[in-house]
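Examination of the molecular architecture
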Amino acid sequence: QVQLVESGGGLVQAGGSLRLSCAASGRTFSSVVMGWFRQAPGKEREFVGAITRSGISTYYADSVKGRFTISRDNAKNTVYLQMNSLKPEDTAVYYCAARVGSYAARIRTSDYADWGQGTQVTVSS
């Protein structure tokens, strides 16, 4: 099991940037694929992107491709979500999640076993 704590959310104007962090403890961090999801009010939780255990490969939802970047530092047990060119429709609670496996292209919430508590991102127009 992995314990996850997100940070870095906040209020930003459209076109701005934010970097979210997710600190992990428990299971060996380098043994898990890390994903980011988000949930807007009244909507289902949706996949944002994921990164493989080594950090070599990433996979993104079409809605964020080219604007968001996921990276990880296994020495610091931390995964990051750099969000640029933010839009009002990016407003949501953002969650990091962990799964045992090899591939980043796993987009279902049920693919991930461990979740953080979420951090709010609000983009004003």
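Before reading on, note that the structure itself is shown above.
The notes below deal with the structure included here. This structure is a prediction, so every number in the text was calculated from the model and none was measured.

**Examining the overall build of the protein chain**
Scanning the protein chain for helices and strands turns up zero helices and eleven strands. The globule rule puts the C-alpha radius of gyration for 125 residues at 14 Å, and the 13 Å found for the protein chain is close to it. When each of the 125 residues of the protein chain is scored for burial, the buried share is 44%. For the protein chain, the computed accessible surface area is about 6,200 Å², with 46% contributed by carbon and sulfur atoms. Within the protein chain, the 9 negative side-chain charges are centred at a point lying 5 Å from the centre of the 14 positive side-chain charges.

**Let's talk about the state of the cysteines**
Taken as a whole and judged by the stated rule, the model has one disulfide. Each disulfide pairs two cysteine sulfurs, and for Cys-22 the partner residue is Cys-96, the sulfurs being separated by 2.0 Å. Between Cys-22 and Cys-96 the sulfur-sulfur dihedral comes to about 60°; the bridge is accordingly right-handed. You can see Cys-22 sitting in strand 3 (residues 18-26) and its partner Cys-96 sitting in strand 9 (residues 92-100), a full 74 residues away along the chain. The class for Cys-22 is buried, based on a relative accessible area of 0%.

**Some remarks on the pattern of salt bridges**
What the rule picks out here adds up to five salt bridges. The partner of Lys-65 in a salt bridge is Asp-62, with the nearest N and O atoms 3.1 Å apart. Between Asp-90 and Arg-67 there is a salt bridge, with the nearest N and O atoms lying 2.7 Å from each other. Here Asp-90, found in the loop between strand 8 (78-83) and strand 9, pairs with Arg-67, found in the loop between strand 6 (58-60) and strand 7 (68-73); they are 23 residues apart in sequence, far enough to count as distant. You'll find Asp-90 and Arg-67 in the same group, each marked buried.

**Let's talk about the nonpolar core**
One finds Met-34, Trp-36, Leu-81, Met-83 and Tyr-94 to be the most contacted residues of the largest nonpolar core, which totals 35 residues. Of all the secondary-structure elements, those providing two or more residues to this core are strand 1 (2-7), strand 3, strand 4 (32-39), strand 5 (46-51), strand 7, strand 8, strand 9 and strand 11 (119-124).

**Considering the sheet that holds strand 7**
Ordered by their spatial adjacency, four strands build an open sheet running 1-3-8-7, and the pairing between neighbours is antiparallel. Each edge of the sheet is formed by a strand with only one pairing partner; in this case those strands are strand 1 and strand 7. Taking each pair of neighbouring strands and ignoring which way they run, the sheet shows an average axis angle of 20°. Here strand 1 runs beside strand 3; their pairing, made up of six bridges, is antiparallel. Looking at the pairing, Gln-3 lines up with Ser-25 of strand 3.

**Comments concerning unusual backbone geometry**
Note on backbone geometry: most residues besides glycine have negative phi, and most peptide bonds are trans. Positive phi outside glycine occurs at Asn-77, with the angle close to 55°. With respect to the helices and strands, the residue Asn-77 is situated in the loop between strand 7 and strand 8. Judged by relative accessible area, Asn-77 falls into the partly exposed class, the value being 29%. Despite not being glycine, Ser-85 shows a phi value in the positive range, around 50°. Turning to its location among the elements, Ser-85 is positioned in the loop between strand 8 and strand 9. Classification of Ser-85 by relative accessible area gives partly exposed; the value is 41%.

About the thresholds
- Residues numbered from 1 in each chain as written.
- Predicted model: local features only at pLDDT ≥ 70, side-chain atom pairs only at ≥ 80, totals over all residues.
- Heavy atoms only, no water.
- Helix = DSSP H or I, 4+ residues; strand = E, 2+ residues; numbered from the N terminus.
- Rg over C-alpha atoms; globule rule 2.2 N^0.38 Å.
- Buried < 20%, exposed > 50% of the residue type's maximum accessible area, 1.4 Å probe, protein only.
- Areas by Shrake-Rupley, 256 points an atom, 1.4 Å probe, with all protein chains shown as cover.
- Lys, Arg positive; Asp, Glu negative; His and termini not counted.
- Charge placed at Lys NZ, Arg CZ, Asp CG, Glu CD.
- Disulfide = S-S within 2.5 Å.
- Salt bridge = Lys/Arg side-chain N within 4 Å of Asp/Glu carboxyl O.
- Core = buried A, V, L, I, M, F, W, Y, C linked by side-chain atoms within 4.5 Å.
- Pairing = 2+ DSSP bridges.
- Axes fitted to C-alpha atoms, helices over the stretch in contact; angles between N-to-C directions.

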